[in-house]
Amino acid sequence: MKLRRLFKEPDLLISMAFLLGFFVICSLQVVVRFVLTVPLSWTEELVAALVIWMTFFGVIAVERKRSQIRVELLEDLLPPKPLALLYTAFDVAILACLIAIIIGGWHTISETGYQRTPALGIPINSLVAIVPLASIALLVIVLRNAWQRLREAWA
Amino acid sequence: MSADPFTVTLIFASIIVIIMGFPIAYAMILCSMIYIVFNDLPLSLLVHELGLSLNSFTMIAIPLFMFAGKLMTASGISDRIFDFTGNLVGRVPGGLGHVNVTSSLVFAGMSGSTLADVAGLGEIEYKAMTRKGYDPDFTIGVTLSSAAIGPILPPSLPMVLYGVAAGTSISGLFLGGILPGLLIAFSLMVYVFFVGLARGYRVDVWAGWRALWISFLRAAPPLFTPFIIVGGMAMGWFSPTEAATVAVLWALFISAIVYRTLTTTAFAEVLYDVALSSSRLLFIVATAFLFGWVSTFGEVPQMLAAAIEGNITSPVVFLLVCIVVNLILGAVLENAIPLLILAPMLAPIAEATYGLDPIHFGVVMVFNIMIGQFTPPIGLSLFVMRDITGFSLGRVFMAVLPFLGPLIISLLIMAFVPSIVTAIPRAAGF
């Protein structure tokens, strides 16, 4: 892998940075607890927040690479055009899900604005904001993938 | 008690669309979204469940165990392990078949999943065995089936998932998986022994104690990994997440300092793979929690409990029914779904109604569902092996089919002889 190639995948690069970040914080906690015998109170909150952000940035990359886990039984059984139509129908349903998440996310962000985590006081809405934000990116990618699939089937 | 028929219909509909090829994570979101809209509930529930279900410190163990496993694989330990186990058991009738099983046993102590075992060792094992004249189908069967030890011997990603979902002690589950892991290896080796004798497979020449000792020293650092993880958790020193962190630190130490095989590029590749695969898995986990919430709101667990308690009085029959249902679900669904949705529904019934030990039930459930990795249509391990060998999926499945016998026998033994699972956790005070 060329390291330079990573910069062409910013979603995954950010996800990797979060992964590295929470590994460093977890290591710090282990060292501080076992060497200095003083447990840190804030690490669990920060690490849990980083995992949520890592996951949803990573999911954008998963969708971009079309590598969501799915049963591929019909891919071997159906001809390309009916398969493309079936998958387009699936994409429409996925778009409906993503729009629902974006609308729900808008409400969640305003509803949870006053809630904060106990140790660090991180606003809860900043933890969950990545869910609707990632959904906006996913929406664009699902549309692009659907368009490409239809073009390939009829090429 | 009867569940909301609308919820039950939605759940069955989502299983059908999953089989038709709808991405699994989105199928669970779609089912939940329809339920929320039709019951006039706020859409913000979707975001709450998706985002905050991952807000758990224990969940962090999942990407970290993946990280440790990938680092170990990247450091080139597969060859060292194969070399060591070759010197250890290569002269037993069945030869490299036993080497294959024991390599998986050793690798399982670092990887935590079937897929990691197949991806990390599969190619080396397949090439080594077929080059020495072993039948390719037999080789595929032994390679895939021995990878079933991965999710049973600690550290185990499916056990972390099960522990989080069912509220069972993860340390207890890890300890409970030790003897069953050895049992699976033993049952496979018995099968390999008889096939080896029947087909007259060539065995390796005994290379002597010195060669065994040297190969052991070459493979020794990674061999300590399971002892560090299990020992630390059994002694109460580490939580599962801390054990996973220590496993990554240990893997970094081995690959960067002891073996000096970890380059910057290799490290970036590992991070890349782990970020991608753990995001994919954790997204399914989040959607499964959302789906589980819908099931609970629709009173599906209560319906399931009432149906089971009304028809089954014996714990033996209950376990048998669970095993059959999980074998079917493990075959048609991604393993995380039955682990995260069905397990939390069944675990309280198993304990409260049938008096089953939660660790015993958990280990049996995990292995039971993991056998689905070897059956179409969604046995991911079959796809990895197909890519390694270039054979059709059907041929790979037919190759592993005879090996399901020893695996299912091991499952039945651990289900009906609970002490095989509970002996070590009891001794450690769980």
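The structure presented is a predicted model; accordingly, all values stated were derived computationally and were not measured.

Asker: Where do I start with the overall build of chain B in this structure?
Answerer: On a plain count of helices and strands, chain B comes out with 23 helices and zero strands. The dimensions of chain B, computed from C-alpha atoms along their principal axes, are 70 × 50 × 45 Å. Classification of the 430 residues of chain B by burial places 62% in the buried group. Taking as baseline every contact in chain B between residues at least 6 positions apart, the subset at least 24 positions apart corresponds to 80%. Roughly 14,800 Å² of accessible area belongs to chain B as shown, and the carbon and sulfur atoms make up 69% of that amount.

Asker: Looking at this structure, how should I read the overall build of chain A?
Answerer: Within chain A, the regular secondary structure consists of seven helices and zero strands. Counting only C-alpha atoms, chain A reaches 65 × 40 × 30 Å along its principal axes. For chain A, the proportion of its 155 residues judged to be buried stands at 49%. Here the contacts in chain A between residues at least 6 apart in sequence split such that 69% fall between residues at least 24 apart. Accessible surface, chain A as shown: approximately 7,800 Å² in total, 69% of it carbon and sulfur. On chain A, the mean spot of the 14 positive side-chain charges and the mean spot of the 11 negative ones are 10 Å from each other.

Asker: How do you make sense of the confidence of the model for chain B when you look at a structure like this?
Answerer: Interpretation of the predicted coordinates at a detailed level should be avoided for regions scoring low in pLDDT. All names here are of chain B. Scored by pLDDT, chain B has a mean of 85; 99% of the residues are at 70 or more. Highest mean pLDDT in chain B belongs to helix α22 (residues 404–416) (94); lowest belongs to helix α7 (residues 114–131) (77). Prediction confidence for the complex, expressed as pTM and ipTM, is 0.86 and 0.94 respectively.

Asker: Could you clarify how one ought to interpret the interface of chain B and chain A in this entry?
Answerer: The interface of chain B with chain A comprises 60 residues on the first partner and 63 residues on the second. The three residues of chain B that bury the most area against chain A are Y26, V47 and Y272 of chain B, which together make up 14% of that side's buried surface. Counting every contact that joins chain B to chain A gives one salt bridge. The closest approach of N and O atoms between R33 of chain A and E242 of chain B, which form a salt bridge, is 2.5 Å. One can count 10 residue pairs in polar contact (both at pLDDT 80 or more) joining chain B with chain A.

Asker: What exactly am I supposed to notice about a nonpolar patch on the surface here?
Answerer: All names here are of chain B. A contiguous nonpolar patch, built from V316, V317, L320, V321, V325, I409, L412, I413, F416 and V417 and spanning about 720 Å² of accessible area, is present on the exposed surface. Counting only elements with at least two residues in the nonpolar patch, the list comes to α17 (315–332) and α22. Ranked by residues supplied to the nonpolar patch, first place goes to α17 with five residues.

Asker: Would you mind showing me how to read the packing of helix α11 (residues 178–199) of chain B against α22 of chain B here?
Answerer: Working note: a packed helix pair is described by the angle between its axes plus the distance between those axes. Residues and elements named next belong to chain B. Where α11 contacts α22, the axes come no closer than 9 Å and their chain directions differ by 145 degrees. In the packing of α11 onto α22, the handedness of the crossing is right-handed. Contact residues: P180, L183, I184, S187, L188 and Y191 in α11; P406, L407, S410, I413 and M414 in α22. Tallied by class, the residues present in the contact of α11 with α22 amount to nine nonpolar, two polar and no charged.

Asker: Sorry, what's going on with the environment of I29 of chain B here?
Answerer: Here I29 of chain B shows up in helix α2 (residues 24–38). Counting along the chain gives 262 residues from I29 of chain B to F291 of chain B, while the straight-line C-alpha distance between them is 7.1 Å. Setting aside residues up to four positions removed in sequence, I29 of chain B forms contacts with C97 and I101 of chain A together with L46, L50, F283, T287 and L290 of chain B.

Asker: Please clarify how unusual backbone geometry should be interpreted in this entry.
Answerer: One can expect most non-glycine residues to show negative phi and most peptide bonds to be in trans. The omega torsion across P154 of chain B and P155 of chain B is 0 degrees, close enough to zero to call that bond cis. You can see P155 of chain B is positioned in the loop between α8 (136–146) and α9 (157–166). Of note, the phi angle at R66 of chain A is positive, near 50 degrees, even though the residue is not glycine. Among the structural elements, R66 of chain A can be located in the loop between α3 (43–64) and α4 (73–77). Positive phi is not limited to glycine here, since E299 of chain B has a value of about 60 degrees. Take E299 of chain B: it is sitting in the loop between α15 (264–297) and α16 (300–311).

Asker: For this particular structure, what's the right way to read the side chain of S104 of chain B?
Answerer: Residue and element names in this part refer to chain B. Residue placement: S104 occurs in helix α6 (residues 96–111). Residue class for S104 comes out buried when judged on its relative accessible area of 1%. If sequence neighbours within four positions are ignored, S104 has contacts with D117, L121, E125, S146 and A147.

Asker: Which parts of the structure should I look at to understand helix α18 (residues 336–352) of chain B?
Answerer: It helps to recall that an α-helix has 3.6 residues per turn; residues three or four apart then point in one direction. Residues and elements named next belong to chain B. Taking 1.5 Å per residue, 17 residues should reach 24 Å; α18 reaches 24 Å between its end C-alpha atoms and fits that length. At A343, α18 shows its largest kink, close to 45 degrees, and the proline P344 lies no more than four residues downstream. Most of α18 sits inside the fold, with 13 of its 17 residues counted as buried.

Asker: Sorry, what's going on with the nonpolar core here?
Answerer: One recurring pattern in soluble globular proteins is that nonpolar side chains are buried together. Counting 204 residues, the largest nonpolar core has F318 and F361 of chain B as the members making the most contacts within it. Beyond its immediate sequence surroundings of up to four residues, F361 of chain B is in contact with Y162, F318, L319, C322, L346, A347, A350 and L356 of chain B.

Asker: I tried to follow the packing of aromatic side chains on my own but got confused; where do I start?
Answerer: Aromatic rings considered in pairs are described by the distance between their centres and by the relative angle of their planes. The final tally for this structure, using the stated rule, is 24 aromatic pairs over all chains. On the numbers, 5.9 Å between centres and 85 degrees between planes, the contact of F56 of chain A with F283 of chain B is edge-to-face. Taken together, the positions of F56 of chain A in helix α3 and F283 of chain B in helix α15 put the pair across two chains. Assigned by exposure class, F56 of chain A and F283 of chain B land together as buried. Seen from their ring centres, F193 of chain B and F194 of chain B are 5.4 Å apart, and the 90 degrees between their planes marks the pair as edge-to-face. On the basis of relative accessible area, F193 of chain B is assigned to the partly exposed category, the value being 26%. Connected via pairs of aromatic rings, a cluster forms that spans F6, Y35, F38, W293 and F297 of chain B. Over the aromatic face of Y87 of chain A sits the side chain of R70 of chain A, whose NZ or CZ is 4.1 Å from the ring centroid. Just above the ring of F391 of chain B sits the side chain of R395 of chain B; from NZ or CZ to the centre is 3.8 Å.

Asker: When you look at the state of the cysteines in this model, what are you seeing that I'm missing?
Answerer: The term disulfide refers to a covalent linkage connecting the sulfur atoms of a pair of cysteines. This model, assessed by the stated rule, comprises zero disulfides over all chains. With no disulfide of its own, C31 of chain B lies closest to C97 of chain A among cysteine sulfurs, the gap being 9.9 Å.

Asker: Looking at this structure, I do not really get the pattern of salt bridges. What am I missing?
Answerer: As a working rule, side chains carrying opposite charge can pair if their charged atoms are close by. Scanning all chains against the criterion turns up nine salt bridges over all chains. A salt bridge links R218 of chain B to D83 of chain B, with the nearest nitrogen and oxygen atoms 3.2 Å apart. Highlighted residues: R218 of chain B in helix α12 (residues 209–223) and D83 of chain B in helix α5 (residues 77–89), separated in sequence by 135 residues. Given a relative accessible area of 35%, D83 of chain B falls into the partly exposed group. What emerges from the salt-bridge pattern is a single network uniting E9, D11, R64 and K65 of chain A.

How each quantity is defined
- Note that residues are indexed from 1 along each chain, following the sequence as it is written.
- Starting at A for chains and at 1 for ligands, labels are handed out in the order in which the entities are written.
- Given that this is a predicted model, residues contribute local features only at a pLDDT of at least 70 and side-chain atom pairs are listed and counted only at 80 or more, while totals for whole chains, interfaces and linings are drawn from all residues.
- Excluding hydrogens and water, the side-chain figures rest on all heavy atoms present in the structure.
- Under the DSSP-based scheme used, a helix requires at least four consecutive residues in state H or I and a strand at least two consecutive residues in state E, with every element numbered from the N terminus.
- Only protein chains enter the accessibility calculation, which uses a 1.4 Å probe; a residue is then buried when its area is under 20% of its type maximum, exposed when over 50%, and partly exposed in between.
- In this analysis, two residues are considered to be in contact whenever any of their non-hydrogen atoms come within 4.5 Å of each other.
- All accessible-area figures derive from a Shrake-Rupley calculation using a 1.4 Å probe, and residue coverage is judged against the displayed protein chains alone.
- The charged-residue count follows a simple rule in which Lys and Arg add positive charge and Asp and Glu add negative charge, with His and chain termini not counted at all.
- Taken as the charge centre is NZ of Lys, CZ of Arg, CG of Asp or CD of Glu, depending on the residue.
- pLDDT expresses how confident the predictor is about each individual residue, on a scale running from 0 to 100.
- Two parts placed together each lose some accessible area under a 1.4 Å probe, and adding up what both lose gives the buried area.
- Salt bridge, as used here: a side-chain nitrogen of Lys or Arg that lies within 4 Å of a carboxyl oxygen of Asp or Glu.
- A 3.5 Å cut-off defines polar contacts: any pair of N or O atoms within that distance qualifies, except that in protein one atom must be a possible hydrogen donor and the other a possible acceptor, and neighbouring residues in sequence count only when both atoms are side-chain atoms.
- Patches draw on residues past 30% relative accessible area with no salt bridge. Two like charges within 9 Å are joined, as are two nonpolar side chains (Val, Leu, Ile, Met, Phe, Trp, Tyr) within 5 Å.
- To get an axis, a line is fitted to the C-alpha atoms, and for a helix only the part in contact is used. The angle between two axes follows their N-to-C directions and goes from 0 to 180 degrees.
- For any helix crossing, the convention is left-handed if the near helix is rotated counterclockwise from the far helix by under a right angle, and right-handed if that rotation is clockwise.
- Each residue gets one of three labels, nonpolar for Ala, Val, Leu, Ile, Met, Phe, Trp, Tyr, Cys and Pro, charged for Asp, Glu, Lys and Arg, and polar for the others, Gly among them.
- Multiply 1.5 Å by the residue count of a helix minus one, and that product is the helix's expected span.
- Here the bend at each residue means the angle between axes fitted to two seven-residue stretches, the one ending at that residue and the one beginning there.
- Within this scheme, the nonpolar core is defined by two criteria: the residues are buried Ala, Val, Leu, Ile, Met, Phe, Trp, Tyr or Cys, and they are joined through side-chain atoms within 4.5 Å.
- Here a pair means two rings of Phe, Tyr or Trp (six-membered ring of Trp) with centres within 6.5 Å. Their orientation is stacked below 30 degrees between planes, edge-to-face above 60, and tilted elsewhere.
- The criterion is that NZ of a Lys, or CZ of an Arg, lies within 6 Å of the ring centre and within 35 degrees of the ring normal, and then a charge sits over that ring.
- Here, a disulfide means two cysteine sulfur atoms that sit within 2.5 Å of each other.

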